[in-house]
Amino acid sequence: MPAPITEEQTRSDREALLDAAEGLFYGRGIQAVGMDDVRRASGLPLKRIYRIFAAKEDLVVAMLRRRDERWRNSLTVHVERVPDPRDRVLAVFDWLAEWFAEPGFRGCAWVNAHGELGPSSPAVLAEVRAHKRAFHAQIAAWVRDAGSSAAEAVFLLAEGAIVTAGITGDPVPARHARAAAATLLDTNAPSSAS
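Treat the numbers as computed from the prediction; the structure is a model and nothing was measured.

(A) Just the pattern of salt bridges, in detail. As enumerated under the stated definition, the model contains 16 salt bridges in all. Where glutamate 22 meets arginine 70, a salt bridge forms, and the shortest distance between an N and an O atom there is 2.7 Å. Taken together, the positions of glutamate 22 in helix 1 (residues 7-28) and arginine 70 in helix 4 (residues 56-80) put the pair 48 residues apart, joining distant regions of the chain. On the basis of relative accessibility, which here comes to 7%, the residue glutamate 22 falls in the buried class. We note a salt bridge from glutamate 127 to arginine 65, for which the minimum N-O separation is 2.7 Å. With glutamate 127 in helix 7 (residues 122-145) and arginine 65 in helix 4, this pair connects stretches of sequence that are 62 residues apart.

(B) Quick look at the nonpolar core. Phe25, Val38, Leu59, Trp71, Leu96, Trp99 and Phe100 are the most contacted members of the largest nonpolar core, which totals 58 residues. Beyond its immediate chain neighbours, meaning those up to four positions away, phenylalanine 100 contacts Phe105, Ala161, Ile162, Ala165, Pro171 and Ala174.

(C) Fine view of the packing of helix 7 against helix 8 (residues 151-168). At their nearest, the axes of helix 7 and helix 8 sit 9 Å apart, and the two run at 130° to each other. For the element pair helix 7 / helix 8, the angle class is oblique. You can see that helix 7 and helix 8 cross each other, and the crossing is right-handed. Residues Lys132, Phe135, His136, Ile139, Ala140 and Val143 of helix 7 touch helix 8, and the partners they reach there are Ala151, Glu152, Val154, Phe155, Ala158, Glu159 and Ile162. Each residue belonging to the contact of helix 7 with helix 8 can be placed in one class, and the counts come to nine nonpolar, one polar and three charged.

(D) Highlighting the side chain of glutamate 22. Reaching out from glutamate 22, the side chain makes a polar contact with the side chain of arginine 70 at a distance of 2.7 Å. Excluding anything up to four places from it in sequence, glutamate 22 contacts Gly27, Met63, Arg66, Arg67 and Arg70.

(E) The packing of aromatic side chains, seen in detail. Tallying each qualifying case throughout the model produces nine aromatic pairs. Relative to tryptophan 99, the ring of tryptophan 71 has its centre 5.4 Å away and its plane inclined at 75°; by these criteria the two rings are edge-to-face. Of this pair, tryptophan 71 sits in helix 4 while tryptophan 99 sits in helix 5 (residues 85-100); the two residues are 28 residues apart in sequence, bridging distant segments of the chain. Residues tryptophan 71 and tryptophan 99 agree in their burial class; the two are buried. Aromatic pair phenylalanine 100 and phenylalanine 105: ring centres 5.1 Å apart, planes at 40°, arrangement tilted. The same class applies to phenylalanine 100 as to phenylalanine 105, namely buried. Here the aromatic residues Trp71, Trp95, Trp99, Phe100, Phe105, Trp110, Phe135 and Phe155 are joined through ring pairs into a cluster of three or more. A cation over an aromatic ring shows up here: arginine 67 above the ring of tyrosine 26, its NZ or CZ 4.1 Å from the ring centre.

Conventions we followed
Residues numbered from 1 in each chain as written. Predicted model: local features only at pLDDT ≥ 70, side-chain atom pairs only at ≥ 80, totals over all residues. Heavy atoms only, no water. Salt bridge = Lys/Arg side-chain N within 4 Å of Asp/Glu carboxyl O. Helix = DSSP H or I, 4+ residues; strand = E, 2+ residues; numbered from the N terminus. Buried < 20%, exposed > 50% of the residue type's maximum accessible area, 1.4 Å probe, protein only. Core = buried A, V, L, I, M, F, W, Y, C linked by side-chain atoms within 4.5 Å. Contact = heavy atoms within 4.5 Å. Axes fitted to C-alpha atoms, helices over the stretch in contact; angles between N-to-C directions. Parallel < 35°, antiparallel > 145°, perpendicular 65-115°, else oblique. Left-handed = near helix turned anticlockwise from the far one by under 90°. Nonpolar A, V, L, I, M, F, W, Y, C, P; charged D, E, K, R; others polar. Polar contact = N/O pair within 3.5 Å; in protein donor to acceptor, adjacent residues only side chain to side chain. Phe/Tyr/Trp six-rings, centres within 6.5 Å; stacked < 30°, edge-to-face > 60°. Lys NZ or Arg CZ within 6 Å of the ring centre and 35° of its normal.

See the structure below:
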């Protein structure tokens, strides 16, 4: 009789499974990847995979949730290192440019997931919307701290840069969006005469 699986082993297997799924889903697309591909990449038997995640949709949602935490944390660490509030907002675009230049960059994982599954999967759609709301809230807080009322426009510039870079494979949209954001921050800043 095999030894019972410990909580530590389950956590380890879950992380290995999420690592494999994220690499495959982001690199090739969710619908192009079967669970046998995930099995091969993770080294876990299908029976074990389905004990951890009852359905592929559950695995996709968990992968997006974990990616969101890491993605937004990395962005926050980068931005919060910058002392000046206005420059913090612009640092968002510097971080995006670095991300766009990474090997294997395929655009926004959440936009990609929405394009593939959003209309047919309420769970995936909810996760995509949660990520976009959280990203919007981050940007809005930094823009507010900079004394500007341009949060919505800055958010749309960031989103537009992400989608454009994903399509073109070029990090330049981050630079253009940064320049536009700088203009918006200067235009929407409180006047020094007040």
